[in-house]
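# Per-entry structural report
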Amino acid sequence: MNKKIWLSSPHMGGTEEKYVKEAFDTNWIAPLGPNLDAFERAIEAHTGCGHAAALSSGTAAIHLALILAGVGPGDYVICQSFTFSASANPIRYLGAIPVFVDSEPETWNMCPQALEEAILACRDKGCCAGKPALPKAILPVHLYGMPAKMDKLCALAQSFEIPVIEDAAEAIGASLNGKSCGSFGDFGIFSFNGNKIITSSGGGALVSQNKEAVAKARFLATQARDPAPHYQHSEIGYNYRLSNVAAGIGRGQMEVLDLRVRQRRENFETYRSELGGIPGLRFLPEPDGTFSNRWLTTLLLDPEQNGGLGREHVRLALEKENMESRPLWKPMHRQPVFRDFPFFGSDCAEECFEKGLCLPSGSNLLARDLERIIETIKKTLKK
Ligand SMILES: *Cc1c(COP(=O)(O)O)cnc(C)c1O
């Protein structure tokens, strides 16, 4: 059997162990300590996203951002449908109603037109037996590291005075017109899960220009303890802080973030130059002003232009060679768990799901790994 090639595996830079060892040597084996502080400062410095609170996961960061935006039971929250379920689950933790919105074909992210439609429908008619009301938050995603059309989305949100929570879980290191993903909305979130472009083994961050809001996030993430000598609580709290040990890994990873982005972008360029000529096979180009981190290289394959061969043919051929690939995210409005919630838009997300595949994209792929993957795809599509 050939060596397994993963979709996206962790890639240590070298200093992570030193920071973890420091945590042991100084006995900061706790959800506070020097690594945690340094990790937060590094996120702030690198992304220009204002203030950062390091948390146990990206999902926890979305949950806290929704709470800070004032979302409660029965409120509408507009969410990009084409995403990983972790974008939408926290909306349900709070008993709020997710209102799903389609993507546009240039970035595969939230379609401004469908967003406007959704806002007006909530405001004027209401949905899911709810009262007519403006949504309490809008949650666009930068899928696969490709920046969403934040200028248009934020302008629309602003005109209705609705807070924006940017799910940049997949997009640390990506930017739009020189401004980092995660810095456009009222809140941004990052994920440092094991399969992301950099990792703290598991972890996330909430970022915002609003210093008080981030301080409040840290407060809520540590059980909402009031300042008193005894344990006193006036609010419901959460145990969402990142461990100082894990933060040591994240701290080391921040030092190689730029390099990892370069390496992922090189993977994309290699795939595109080798496979771009195959009929019916397309890659998503970067629109003007857009800098993707190319977390995962994704392609669309139209079987009608390729003798009936679709993304499943390619996926299974790769699997046979012990190479992991994966269909694009199945849209939330098509998921059994979210079936009863409204959707606005057309079939962009759905078509991406039907035709799309994520290729092995780790920054630790070797040239000969890439060659093997590319050869397998070429062979499969020549039949
Ligand atoms: C990974 C991911 C999350 C969740 O992050 P975790 O750290 O795994 O909780 C949220 N949204 C998107 C789009 C993601 O890819």
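The present account deals with the structure reproduced in this document. (Residues numbered from 1 in each chain as written. Predicted model: local features only at pLDDT ≥ 70, side-chain atom pairs only at ≥ 80, totals over all residues. Heavy atoms only, no water.)

## Remarks on the sheet that holds strand β7 (residues 179-180)
Read from one edge to the other, the open sheet built from 3 strands follows the order β7-β6-β11, with strand pairing classed as antiparallel. Each edge of the open sheet is held by one strand with a lone partner, namely β7 and β11 (290-291). Sheet topology places strand β6 (residues 175-176) next to β7; 2 bridges connect them, and they run antiparallel. In the strand pairing of β7, Leu176 is matched with Lys179. (Pairing = 2+ DSSP bridges. Helix = DSSP H or I, 4+ residues; strand = E, 2+ residues; numbered from the N terminus.)

## Considerations on the packing of aromatic side chains
Enumeration over the complete set of coordinates arrives at 10 aromatic pairs. Aromatic side chains Tyr144 and Trp329 sit 6.4 Å apart centroid to centroid with 10° between the ring planes, which places their arrangement in the stacked category. With Tyr144 in the loop between β4 (137-139) and α6 (150-159) and Trp329 in the loop between β13 (326-327) and β14 (343-344), this residue pair connects regions lying 185 residues apart in the sequence. A single burial state applies to Tyr144 and to Trp329, both of which are buried. Connected via pairs of aromatic rings, a cluster forms that spans Phe82, Phe84, Trp108, Tyr144, Trp295 and Trp329. Sitting above the plane of the Tyr231 ring, Arg225 keeps its charged end 3.6 Å from the centroid. (Phe/Tyr/Trp six-rings, centres within 6.5 Å; stacked < 30°, edge-to-face > 60°. Buried < 20%, exposed > 50% of the residue type's maximum accessible area, 1.4 Å probe, protein only. Lys NZ or Arg CZ within 6 Å of the ring centre and 35° of its normal.)

## Remarks on the site of the ligand
Around the ligand, the structure places 15 residues, and the nearest of them are Gly58, Thr59, Glu170, Ser191 and Lys196. Measuring from an oxygen atom of the ligand, one finds a side-chain N or O atom of Ser191 at 2.7 Å. Between an oxygen atom of the ligand and a side-chain N or O atom of Lys196, the distance comes to 3.3 Å. Taking 380 Å² as the accessible area of the ligand by itself, protein coverage stands at 94%. Broken down by class, the residue content of the shell around the ligand amounts to 4 nonpolar, 8 polar and 3 charged. (Near = heavy atom within 4 Å. Polar contact = N/O pair within 3.5 Å; in protein donor to acceptor, adjacent residues only side chain to side chain. Areas by Shrake-Rupley, 256 points an atom, 1.4 Å probe, with all protein chains shown as cover. Nonpolar A, V, L, I, M, F, W, Y, C, P; charged D, E, K, R; others polar.)

## Thoughts on the side chain of Thr83
With respect to the helices and strands, the residue Thr83 is situated in the loop between β2 (76-80) and α4 (89-93). A polar side-chain atom of Thr83 sits 2.6 Å from a polar atom in the side chain of Ser87. Beyond its immediate stretch of four places on either side in the chain, Thr83 contacts Val141, Leu143, Asp167, Trp329, Lys330 and Met332. (Contact = heavy atoms within 4.5 Å.)

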